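Here are the chains, one letter per residue:
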Amino acid sequence: MTLTTLNHCPAPAKLNLFLHVNGRRADGYHLLQTVFQLLDHGDTLHFALRDDTAIVRVTALAGVPEEQDLIIRAATLLQAEVLRRTGTLPRGVDIAIDKVLPMGGGLGGGSSDAATALMALNRLWQAGLTREELMALGLPLGADIPFFIFGENAFAEGVGEALQPVATPECWYVVIEPGVQVPTAAIFCAEGLTRNTEPVTIADFSRYLAEGNNAGGFGKNDLQQVACSLFKPVADAVEWLGAYGEARMTGSGACVFSAFGSQEEADAVLSNVPPVWNAWKAKALNRHPMLTVL
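Owing to the predicted nature of the structure, the values given are computational and were not obtained by experimental measurement.

**Student:** So what's going on with the overall build of the chain? Which residues, and what values?
**Tutor:** The helix and strand tally for the chain stands at 9 helices and 10 strands. Its C-alpha radius of gyration of 19 Å places the chain within 12% of the 19 Å reference for a compact globule of 294 residues. When its C-alpha atoms are laid out on the principal axes, the chain stretches across 55 × 45 × 35 Å. Of all 294 residues assigned to the chain, the portion counted as buried reaches 52%. A sequence separation of at least 24 residues applies to 75% of the contacts in the chain between residues at least 6 apart. Accessible area of the chain: about 12800 Å², with a carbon and sulfur share of 52%. Seen as two clouds, the 20 positive and the 31 negative side-chain charges of the chain have centres 4 Å apart.

**Student:** Give a description of the nonpolar core that names residues and reports values.
**Tutor:** Grouped together as the largest cluster of nonpolar side chains are 46 residues, with contacts concentrated most on Phe47, Leu78 and Ile95. Of all the elements in the fold, those that place two or more residues in this core are β1 (5-24), β2 (30-49), α1 (70-86), β4 (93-98), α2 (109-124), α3 (131-138), α4 (145-150) and β5 (154-157). In terms of residues, this core owes the most to one element, α2, which gives 8 residues. Not counting chain neighbours up to four residues away, the residues in contact with Ile95 comprise Leu45, His46, Phe47, Ile55, Val56, Arg57, Val58, Thr59, Ile71, Ile72 and Ala75.

**Student:** Report on the pattern of salt bridges, specifying residues and quantitative values.
**Tutor:** Counted according to the given criterion, the structure contains 16 salt bridges. Across the salt bridge formed by Glu81 and Arg85, the nearest N and O atoms sit 2.7 Å from each other. Taken together, the positions of Glu81 and Arg85, both in helix α1 and 4 residues apart, correspond to about one turn of that helix. Looking at Glu81, the relative accessible area reads 13%, which means it is buried. Take Arg85: its relative accessible area is 39%, and that puts it in the partly exposed class. One connected set of salt bridges, linked through shared partners, spans Glu81, Arg84, Arg85 and Glu133.

**Student:** Let's hear about the pairing of β4: which residues, and what values?
**Tutor:** With 6 bridges joining them, β2 and β4 adopt antiparallel strand pairing. Opposite Thr44, over in β4, you have Asp98 as the bridge partner. Where strand β3 (residues 55-57) and β4 come together, 3 bridges link them in parallel fashion. Note that in β4 the partner of Val56 across the bridge is Asp94. Crossover β3 to β4 through α1 is left-handed.

**Student:** Outline the layout of surface pockets, listing residues and values.
**Tutor:** Where empty space is left in the structure can be found by rolling a water-sized probe over the atoms. The volume enclosed by the largest pocket comes to roughly 1300 Å³. Among the secondary structure elements, those contributing two or more residues to the lining of the largest pocket are β1, β2, α1, α2 and α5 (184-188). Estimated volume of the second largest pocket: approximately 200 Å³. Surrounding the second largest pocket, 13 residues form its lining, Gly192, Thr194, Asp222, Gln225 and Val226 being those nearest its centre. It is helix α7 (residues 224-230) that provides the largest number of residues to the lining of the second largest pocket, a total of 4 residues. Across the lining of the second largest pocket, the residue classes break down as 4 nonpolar, 5 polar and 4 charged.

**Student:** So, the packing of aromatic side chains: which residues are in play, and what are the values?
**Tutor:** Within this structure, the stated rule accounts for 10 aromatic pairs. Ring geometry for Phe18 and Phe155: centres 6.4 Å apart, planes at 55°, overall tilted. A residue pair is termed long-range when its members are at least 10 positions apart, and Phe18 in strand β1 and Phe155 in strand β5 qualify at 137 residues. Note on accessibility: Phe18 and Phe155 belong to one class, buried. Here the aromatic cluster, defined as three or more aromatic residues joined through ring pairs, consists of Phe18, Phe155, Phe205, Tyr208 and Phe218.

**Student:** Please give an account of the pairing of strand β9 (residues 256-260) that cites residues and values.
**Tutor:** Counting buried positions along β9 gives 5 out of 5 residues, so the element sits mostly inside the fold. The two faces of β9 match: Val256, Ser258 and Phe260 on one face and Phe257 and Ala259 on the other face are all buried. Judged from the 5 bridges that link them, strand β7 (residues 172-177) and β9 form a sheet pairing that is antiparallel. Opposite Val174, over in β9, you have Ser258 as the bridge partner. Strand direction decides the pairing type here: strand β8 (residues 248-249) and β9, joined by 2 bridges, are antiparallel. Residue pairing in the sheet places Arg248 in a bridge with Phe257 of β9. Where β8 folds back on β9, the antiparallel hairpin that results is connected by 6 residues, among which Gly251 adopts a positive phi of roughly 55°.

Conventions we followed
- Residues numbered from 1 in each chain as written.
- Predicted model: local features only at pLDDT ≥ 70, side-chain atom pairs only at ≥ 80, totals over all residues.
- Heavy atoms only, no water.
- Helix = DSSP H or I, 4+ residues; strand = E, 2+ residues; numbered from the N terminus.
- Rg over C-alpha atoms; globule rule 2.2 N^0.38 Å.
- Buried < 20%, exposed > 50% of the residue type's maximum accessible area, 1.4 Å probe, protein only.
- Contact = heavy atoms within 4.5 Å.
- Areas by Shrake-Rupley, 256 points an atom, 1.4 Å probe, with all protein chains shown as cover.
- Lys, Arg positive; Asp, Glu negative; His and termini not counted.
- Charge placed at Lys NZ, Arg CZ, Asp CG, Glu CD.
- Core = buried A, V, L, I, M, F, W, Y, C linked by side-chain atoms within 4.5 Å.
- Salt bridge = Lys/Arg side-chain N within 4 Å of Asp/Glu carboxyl O.
- Pairing = 2+ DSSP bridges.
- Right-handed = clockwise from strand over helix to strand, strands pointing away.
- 1 Å grid on protein atoms, 1.4 Å probe; cavity = no way out; pocket = protein on both sides within 12 Å on 5 of 7 lines; lining within 4 Å.
- Points joined across faces, edges and corners; volume = space filled by probe spheres on them.
- Nonpolar A, V, L, I, M, F, W, Y, C, P; charged D, E, K, R; others polar.
- Phe/Tyr/Trp six-rings, centres within 6.5 Å; stacked < 30°, edge-to-face > 60°.

See the structure below:
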């Protein structure tokens, strides 16, 4: 039976358990090392094929024009790729989104949405692209998109596209949204950003965890100091959450997280979060739930 709809497709958040800037390429891109951690918290997308060839976002998103939305851009790229391969333009699609993740939060929301769109439409359009082909298709749109299609927690290098699977602990995270959007470009261009952290290996990270250390305690986030100096709410959230454990900013900000061994510990911290912030808990995921459609 040919599918015409795919509903309740998850687009999970990610955390950067650490984020090191090791250098800068001649083209201006920064060389990074990080571990990406999937969470069981995120956006949800719904897809319904149309009788024409239009790609339509049926949900309004404040501050995100449809033509700039990574979801629409990813869908358009895949539709063009199917046309190139088969000579036939696939049917259009209506895309609805239940948006939960904040923009400018460092949780990968836009990239995760785009990755879920690529995986869902690859199935709906019976395009037959492999996981690796979808990763390559998504990379020009955003460096985090390949990770979400990769679908496993990963040690990432380069500009974030060189991925190796890595085991991470089963734990719970408390995440605070400080209420500000941190523009990635502003952080990477800041004069105070250091770009010379010594490279680490996946074995260094795995050894650290094997010794029983906290999942969010390895290394550092090189972008955090800059973000905290430019955005006081980020610094405030790091300081507050740091009273309960190792607190760290994810990505280029603004969200701040800490790892806890049990749901009860996470709940206890969550109950004390000042009401000025939106905060939530999430369980660590091992695999992306959309891998089942690939």
